[in-house]
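Listed here are the chains, written in short residue letters.
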Amino acid sequence: MSTPGDNGSGETARGDVLLEMKGLRLEGRVDEAWTEIVHGVDLTLHRGEVLGLIGESGAGKSTIGLAALGYARDGCRITGGQIFFDGIDLAAAPESVRRRLRGSRIAYVAQSAAAAFNPAHRLIDQCTEAPVRHGLMSYREAADAAQDLYGRLHLPEPRTIGFRYPHQVSGGQLQRAMVAMAMAAKPDLIIFDEPTTALDVTTQIEVMAAIKEIVEQFDTAAIYVTHDLAVVAQMADRIMVMRDGNLVEEGLTRALLDHPDEEYTRALIAVRQLRKEAEAPIAGQTPILQVEHVTAAYGDVPVLHDISFEVPRKRTVAIVGESGSGKSTAARVITGLLPPVSGRICYDGTELPANYRKRSRDQLRRIQMINQMPDTALNPKHHVRDVIGRPLSFYLGQQGTEKEERIRELLALIELEPDQYIDRLTTELSGGQKQRICIARALAADPDLIICDEVTSALDQLVGEGILRLLIRLQDEFGLSYMFITHDLATVRAIADEVVVMKDGEIVESGAKNEIFQPPHHEYTELLLSSVPEMDPDWLDRLLAKRGDEFRDRGI
Amino acid sequence: MKPIQTLRKTRKVFRTAPPTAWFGMTVILIVLIAGLFAPIVAPYGETEIVGAPGLTIGGHFLFGTDQIGRDILSRVIFGARNTVGIAFITTILAFSLGLVTGLLAAVLGRWADQLLSRIVDILMAIPSLIFALLILTMTGTSIVNMVLVIAVLESTRVYRLTRAVGMNVGVLDFVEVAKLRGEGLWWIIRHEMLPNIATPLAAEFGLRFCFVFLFISALSFLGLGIQPPTADWGSMVRENATLISFGLPTPLVPAAAIALLTVSVNFVVDWFLYQTSGLKD
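Here the structure is a predicted model, which means the values were calculated and not measured.

## A short note on the overall build of chain B
Phase 1: Within chain B, the secondary structure is distributed over 11 helices and 0 strands.
Phase 2: Written out in order from the N terminus, the α and β elements of chain B read α-α-α-α-α-α-α-α-α-α-α.
Phase 3: When its C-alpha atoms are laid out on the principal axes, chain B stretches across 75 × 55 × 30 Å.
Phase 4: The buried share among the 281 residues of chain B stands at 37%.
Phase 5: Long-range pairs, those at least 24 residues apart, make up 66% of the contacts in chain B between residues at least 6 apart in sequence.

Right under this line is the structure:
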């Protein structure tokens, strides 16, 4: 309704808003039918502003992030609403217009840099591609600009790192190189789609710090998509909380964190608050599991160096470390999948055969494992009844009604309605439900010890918390012992009695949870502990100031 | 409750089948009926000489007569029984052999995989038609020999596919879970692996059937397959080939039958793949 007369005030306001979405609707294809997955969302982004989009999986946050590029993923389509980028309606504009904008004025940083980089080309060639293709710079200029960006992002050897191939740099470095690639054409807007989710906590900090700094330096507007409220609190000026394709709540970061209006937002903020009182081992009892001086290797590559620890009865030992620390390998040695080079595994005081093939059925039954990815841990062609029923008939010889009743009992135990779930295929379950079925399968064997390998890391935070509560309850009820492998210290706080900190295949520190979390810490434990993001928006700035020059100098 | 649901699902699947699939299914059905009830369906006998040699299409004999005056329509119908029946048996043999060895290689790995794979490599290194000709010349041309030779040669392709998809499934966590539970090799193959590789294998079965069928036709054409006077589509093309030079279209009838069945089977396989894989999106 604008007339030439009110141009004056209208113009300044228009110039200020970079991206505006009005009543955005998207549909996704599910089972050969189009279903609406984003139900009319409004979004406004000003120049130089960082907007956090937060929600659990299925909230539509990534879909909205991509819609800011005028793009809908395969199997998705934009069905309604407008997307104005600097006055251009991306939803209505022809593909050629959108393509000119992408990479030059709007850029995208994907979750997994390892999957987004082409492994056959050097970093610098990929970083210069967008500005050269769009005719904004010559290759020489673009390469110089890229080297400048590498320096600003604190990549080591900024002048030469571009000549490496993607597999020749670490995960955190690659993610920063991807930020450099997005920044190459000096865009007005960058979409960050979970850029740190796949990284270790210590690496996450580097990437977060680099992103925050460079976005401020170039005054770039950004949309930061993540499921982790503590991360977005560090990055964003304003936060939009999404759920099931609807906006739950929107507000300035500090205001939203301090005074959330909605119950759902409160739940997200409180998610890492779960605590369990650590209990000391029962005196005078043989530990259920003893790992003694274990050294293990994959072929010629050594992975574990002289590892020793114990799991006391009815207690939880958390094995903490970053990726590559050997914590999952320890689980493979204990289960017998990877016989150690030297050392031994004792169960209930007696030594176990190193290879699982040589263990008796009863020995196998007593140690059960729950895997990280519930999607691959369950056979997609099996029904819930078969999955839980097999250990019952295999180990305990149960058949017929006895078995059927036990399956229903176990389903009730993991808080899934038996009548509703017993006949389902495993593919007809959500991620959290699948993990519960895995727990039921482990319980069905009536074990003493359950090894949990990152059981919550593939799940949404609220769902993961439900799994942790369930595991704690089951431990109390059945006197189970857990060996809990995780990289997440919030999970350790929630569930552990004792903690073993691992790094590069060695145990750095171990002891009761309260000791480990109380200063003085070992240097590495300190690094891990301080790297866990907190809800406080000033946390990252404070931490960086504290680490200060040390962090810069190391140039990691 | 359950069977009714399955029935409904099946009906829905058939209702939504594309015209190409319907065409394929119809042709296969006709061939099956013709093959099964050949003596009833065919107007004349398989080897009966009923008229003058080299009559053209469309006269008293629908598809004309061959070089010695047998009814081509009747021989095509009897040929369906011989060619398709033998091809089917051969494909099943090839499949059983390839499936078992392929899965063993995928699950056992190491030396078993090395041994089986190298044998298969050697078999695949020699062009299969030449290899078959060689063996059949040495052993003599009987139907049993032919079936066995083709089955072994074609099973190498099935082995390759089974081993590849089997290995993809074999590294998934649920197979490891089953191993750690203490399950035996056979149980793991049957319950954990087979259901997950059934789709590509079923598609492969359709395609492999076509290749076997063409292989038999090719061997018959070269004179080493099914021997006269037994009716067989491949040898019919060969025996009548000279009639082409007299301007007669009749040799094209058995050739068209081969082409039609091959295309039809492929239509159905495509539709099946589309149904069961993620190709829908």
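Resuming the write-up.
## Looking at the overall build of chain A
Phase 1: Check the secondary structure of chain A and you find 23 helices and 20 strands.
Phase 2: Over its C-alpha atoms chain A spans a radius of gyration of 26 Å, differing by no more than 12% from the 24 Å that the globule rule assigns to 556 residues.
Phase 3: For chain A, the spread of C-alpha atoms along the three principal axes comes to 85 × 55 × 45 Å.
Phase 4: Considering only contacts in chain A between residues 6 or more positions apart, those separated by 24 or more positions represent 68%.

## Digging into the interface of chain A and chain B
Phase 1: Of the residues lining the interface, 19 residues belong to chain A; the matching set on chain B comes to 12 residues.
Phase 2: Of the residues assigned to the side of chain A that touches chain B, the class counts are 9 nonpolar, 5 polar and 5 charged.

## Digging into the environment of C438 of chain A
Residue and element names in this part refer to chain A.
Phase 1: Among the secondary structure elements, C438 is positioned in helix 18 (residues 431-444).
Phase 2: Residue classification places C438 among the buried positions, given that 28 C-beta atoms sit within 10 Å.
Phase 3: Separated by 98 residues in the primary sequence, C438 and D536 place their C-alpha atoms 35 Å from one another.
Phase 4: Those residues in contact with C438 that sit more than four places away from it in its chain are I370, N371, P374, A377 and L378.

## Description of the sheet that holds strand 12 (residues 301-311) of chain A
Phase 1: The 4 strands lie next to each other as 12-11-14-15 (chain A), forming an open sheet whose pairing is antiparallel. Looking at the sheet topology across the chains shown, the edges are occupied by strand 12 and strand 15 (350-351) of chain A.

## What to know about the domain arrangement of chain A
All names here are of chain A.
Phase 1: For chain A, the assigned domains read domain 1 (14-269) and domain 2 (289-518).
Phase 2: In this structure, domain 1 and domain 2 have C-alpha centres spaced 36 Å apart.
Phase 3: At the interface, 7 residues of domain 1 touch 6 residues of domain 2.
Phase 4: Partitioning the side of domain 1 that touches domain 2 into residue classes produces 2 nonpolar, 3 polar and 2 charged.

## Thoughts on the nonpolar core
Phase 1: Grouped together as the largest cluster of nonpolar side chains are 127 residues, with contacts concentrated most on I319, V320, M483 and F484 of chain A.
Phase 2: Take this core: its biggest share by element is 15 residues, from helix 4 (residues 72-108) of chain B.
Phase 3: Apart from residues no more than four positions distant in its own chain, M483 of chain A is found in contact with L289, V311, V317, I319, L449 and I451 of chain A.
Phase 4: Core analysis: the second largest hydrophobic core is formed by 83 residues, Y108, V207, Y224 and A230 of chain A among them.

## Overview of helix 18 of chain A
The α-helix winds at 3.6 residues per turn, so residues separated by three or four positions along the chain end up facing the same way.
Residue and element names in this part refer to chain A.
Phase 1: Given a rise of 1.5 Å per residue, 14 residues ought to cover 20 Å, and the 20 Å separating the end C-alpha atoms of helix 18 matches this to within 8%.
Phase 2: Here helix 18 lies mainly inside the structure; 11 of its 14 residues are buried.
Phase 3: The inward-facing, buried residues of helix 18 contact strand 16 (367-370), helix 14 (374-377), helix 15 (384-396), helix 16 (400-413), strand 17 (449-453) and helix 19 (461-478).
Phase 4: Positive phi shows up at D446, right after helix 18, with a value of about 55°.

## Focus: the sheet that holds strand 2 (residues 33-46) of chain A
Residues and elements named next belong to chain A.
Phase 1: Judged by pairing direction, the sheet is antiparallel, and its 4 strands sit side by side in the order 2-1-4-5 without closing on themselves. Pairing within the sheet leaves two strands with one partner each, and these edge strands are strand 2 and strand 5 (88-89).
Phase 2: When strand 4 (residues 76-85) meets strand 5, the two strands line up antiparallel, connected through 2 bridges. Bridge pairing links F85 to I88 in strand 5.

## What about the packing of helix 9 (residues 185-222) of chain B against helix 10 (residues 233-240) of chain B?
Residues and elements named next belong to chain B.
Phase 1: Taken N-terminus to C-terminus, the directions of helix 9 and helix 10 make an angle of 35°; their axes are 7 Å apart at the nearest point. Once helix 9 is placed against helix 10, the crossing between them reads as right-handed. Listed contacts from helix 10 to I216, S217, A218, S220 and F221 of helix 9 are W233, G234, S235, V237 and R238.
Phase 2: Classifying every residue of the contact of helix 9 with helix 10 gives 5 nonpolar, 4 polar and 1 charged.

## Here we look at the pairing of strand 13 (residues 316-320) of chain A
Residue and element names in this part refer to chain A.
Phase 1: Across the 5 residues of strand 13, 5 count as buried, placing the element largely inside the fold.
Phase 2: Side chains of strand 13 alternate between two faces, with T316, A318 and V320 and V317 and I319 buried alike.
Phase 3: Two elements, strand 13 and strand 18 (residues 481-486), share 5 bridges in a ladder whose sense is parallel. Within the sheet, the bridge partner assigned to T316 lies in strand 18 and is Y482.
Phase 4: With 4 bridges connecting them, strand 13 and strand 19 (residues 498-503) associate as parallel partners. Paired with V317 across the two strands is E498, which belongs to strand 19.

## Digging into the pairing of strand 17 of chain A
The two faces of the sheet receive side chains in turn, since in a regular strand these alternate between them.
All names here are of chain A.
Phase 1: Counting buried residues in strand 17 gives 5 out of 5 residues, a clear majority hidden from the surface.
Phase 2: Both faces of strand 17 are covered, namely the face carrying L449, I451 and D453 and the face carrying I450 and C452.
Phase 3: Pairing of strand 17 with strand 18 involves 5 bridges; the strand directions are parallel. Its bridge partner lying in strand 18, L449 is registered against S481.
Phase 4: Each parallel crossover has a hand, and the one from strand 17 via helix 19 to strand 18 is right-handed.

## Here we look at the packing of helix 5 (residues 123-133) of chain A against helix 7 (residues 171-183) of chain A
Residue and element names in this part refer to chain A.
Phase 1: Between helix 5 and helix 7, the least distance of the axes is 7 Å, while the angle of their chain directions is 30°. With respect to helix 7, the axis of helix 5 lies roughly parallel. When helix 5 is examined against helix 7, the residues L123, Q126 and C127 are found in contact with a partner set consisting of A177, A180 and M181.
Phase 2: Within the contact of helix 5 with helix 7, the residues separate by chemical class into 5 nonpolar, 1 polar and no charged.

## Thoughts on helix 7 (residues 143-170) of chain B
Phase 1: Taking 1.5 Å of rise per residue, 28 residues should cover 40 Å, and helix 7 of chain B covers 38 Å from first to last C-alpha, within 8% of that figure.
Phase 2: Along helix 7 of chain B, the sharpest kink reaches roughly 25°, centred on T156 of chain B.

## Side note on the confidence of the model for chain B
Phase 1: Mean pLDDT for chain B: 83, with 95% of residues reaching 70 or above.
Phase 2: The ipTM assigned to the predicted complex is 0.75, against a pTM of 0.77.

## Digging into unusual backbone geometry
All names here are of chain A.
Phase 1: The residue E194 is not glycine, and still its phi comes out positive at about 45°.
Phase 2: By the secondary structure assignment, E194 is in the loop between strand 7 (189-193) and helix 8 (201-218).
Phase 3: Here E194 falls in the partly exposed class, since 19 other C-beta atoms lie within 10 Å of it.
Phase 4: Phi at D348 is positive, roughly 55°, even though this residue is not glycine.
Phase 5: Residue classification places D348 among the partly exposed positions, given that 15 C-beta atoms sit within 10 Å.

## Notes on the confidence of the model for chain A
Phase 1: Confidence in the prediction of chain A, expressed as mean pLDDT, is 84, and 95% of residues score 70 or more.
Phase 2: Low pLDDT (under 50) marks residues 1-15 of chain A, which in the prediction has 2 contacts with non-local residues, meaning those over four places away or in another chain.

## Quick word on the environment of H305 of chain A
Phase 1: As for its placement among the helices and strands, H305 of chain A is situated in strand 12.
Phase 2: In the structure, H305 of chain A is positioned 37 residues away from S342 of chain A in sequence and 9.6 Å away in space, judged by C-alpha atoms.

## A closer look at the environment of V17 of chain A
All names here are of chain A.
Phase 1: With respect to the helices and strands, V17 occurs in strand 1 (residues 17-30).
Phase 2: On the basis of neighbour count, V17 is assigned to the partly exposed category, with 17 C-beta atoms found within 10 Å.
Phase 3: Non-local contacts of V17, meaning those with residues more than four positions away in its chain, are made with T44 and H46.

The rules behind these values
- Residues numbered from 1 in each chain as written.
- Chains lettered and ligands numbered in written order.
- Predicted model: local features only at pLDDT ≥ 70, side-chain atom pairs only at ≥ 80, totals over all residues.
- Helix = DSSP H or I, 4+ residues; strand = E, 2+ residues; numbered from the N terminus.
- Buried ≥ 20, exposed ≤ 12 C-beta atoms within 10 Å, placed from the backbone.
- Contact = placed C-beta atoms within 7 Å.
- Rg over C-alpha atoms; globule rule 2.2 N^0.38 Å.
- Nonpolar A, V, L, I, M, F, W, Y, C, P; charged D, E, K, R; others polar.
- Pairing = 2+ DSSP bridges.
- Domains from an automatic or database assignment.
- Core = buried A, V, L, I, M, F, W, Y, C linked by C-beta atoms within 7 Å.
- Expected span 1.5 Å × (residues − 1).
- Axes fitted to C-alpha atoms, helices over the stretch in contact; angles between N-to-C directions.
- Left-handed = near helix turned anticlockwise from the far one by under 90°.
- Right-handed = clockwise from strand over helix to strand, strands pointing away.
- Parallel < 35°, antiparallel > 145°, perpendicular 65-115°, else oblique.
- Bend = angle between axes of the 7 residues up to and from the residue.
- pLDDT = per-residue confidence, 0-100.

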